[in-house]
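An overview of the molecular structure
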Amino acid sequence: MIPFLVAFFVFVVDRITKMVAFKYLKGKVVVVIPGFFNLILAQNRGAAFSIFSSTSGWGRFIMLIGFPAVVVVFITYLLLTKKEYPLYLKIALALILGGALGNLYDRIVYGTVVDFLDFYIGKYHWPTFNVADIAVFLGTVMLILNVSREKDTAA
């Protein structure tokens, strides 16, 4: 139950922050930390780092909607059936699930993902991202740490 609450929380926070960004950041740049962090509305038609943004047709559909939908179904299956997984691992999967649902929702409903967190140093910008992206990243890091911890334990 806890993992699904985490996934739901991530999804809701992602939706709220995207709605606020869409409403208040149109045509604006809000400087939060000069020279380092802005809030800016960006709409990403692709996936991470805008890959597949210029692709069209079935390839785009499969990569931006089909693949994430399969991931959502697979993670949901794991969370429902793998009772032996430790809570740490379930939380990692839940973060990925919530983030995947957040961005998948945007792609299905709007055809684009709303991004608004813009980090940079001078002229070097990290691609703009959102709460769903943060959750997927954190969940992935947790999975990697779990795998490396298991390898250390096995050795």
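These figures come from a predicted structure and were not determined experimentally.

What follows concerns the pattern of salt bridges. Tallied over the full model, the rule gives three salt bridges. The residue aspartate 106 makes a salt bridge to arginine 15 at a minimum N-O spacing of 2.6 Å. Here the residue aspartate 106 occupies a position in helix α3 (residues 87–110), and arginine 15 occupies one in helix α1 (residues 2–24), the gap between them amounting to 91 residues. Like aspartate 106, the residue arginine 15 is buried in the burial classification. Note that aspartate 106 is salt-bridged to lysine 18, the shortest N-O span being 2.9 Å. One end of the pair, aspartate 106, is in helix α3; the other, lysine 18, is in helix α1, with 88 residues separating them in the sequence. One exposure class covers both aspartate 106 and lysine 18, and it is buried. Overlapping salt bridges bring together Asp14, Arg15, Lys18 and Asp106 as one network.

Let's shift gears to the nonpolar core. Membership of the largest hydrophobic core is limited to 12 residues, which are Ala7, Ile65, Val72, Ile75, Leu78, Leu79, Leu93, Ala94, Ile96, Leu97, Ala100 and Leu104. Breaking this core down by element, the ones donating at least two residues are α2 (58–81) and α3. When residues in this core are grouped by element, the largest group, six residues, is from α3. With sequence-adjacent residues up to four places away left out, isoleucine 75 is seen in contact with Leu93, Ile96 and Leu97.

Calculation rules
- Residues numbered from 1 in each chain as written.
- Predicted model: local features only at pLDDT ≥ 70, side-chain atom pairs only at ≥ 80, totals over all residues.
- Heavy atoms only, no water.
- Salt bridge = Lys/Arg side-chain N within 4 Å of Asp/Glu carboxyl O.
- Helix = DSSP H or I, 4+ residues; strand = E, 2+ residues; numbered from the N terminus.
- Buried < 20%, exposed > 50% of the residue type's maximum accessible area, 1.4 Å probe, protein only.
- Core = buried A, V, L, I, M, F, W, Y, C linked by side-chain atoms within 4.5 Å.
- Contact = heavy atoms within 4.5 Å.

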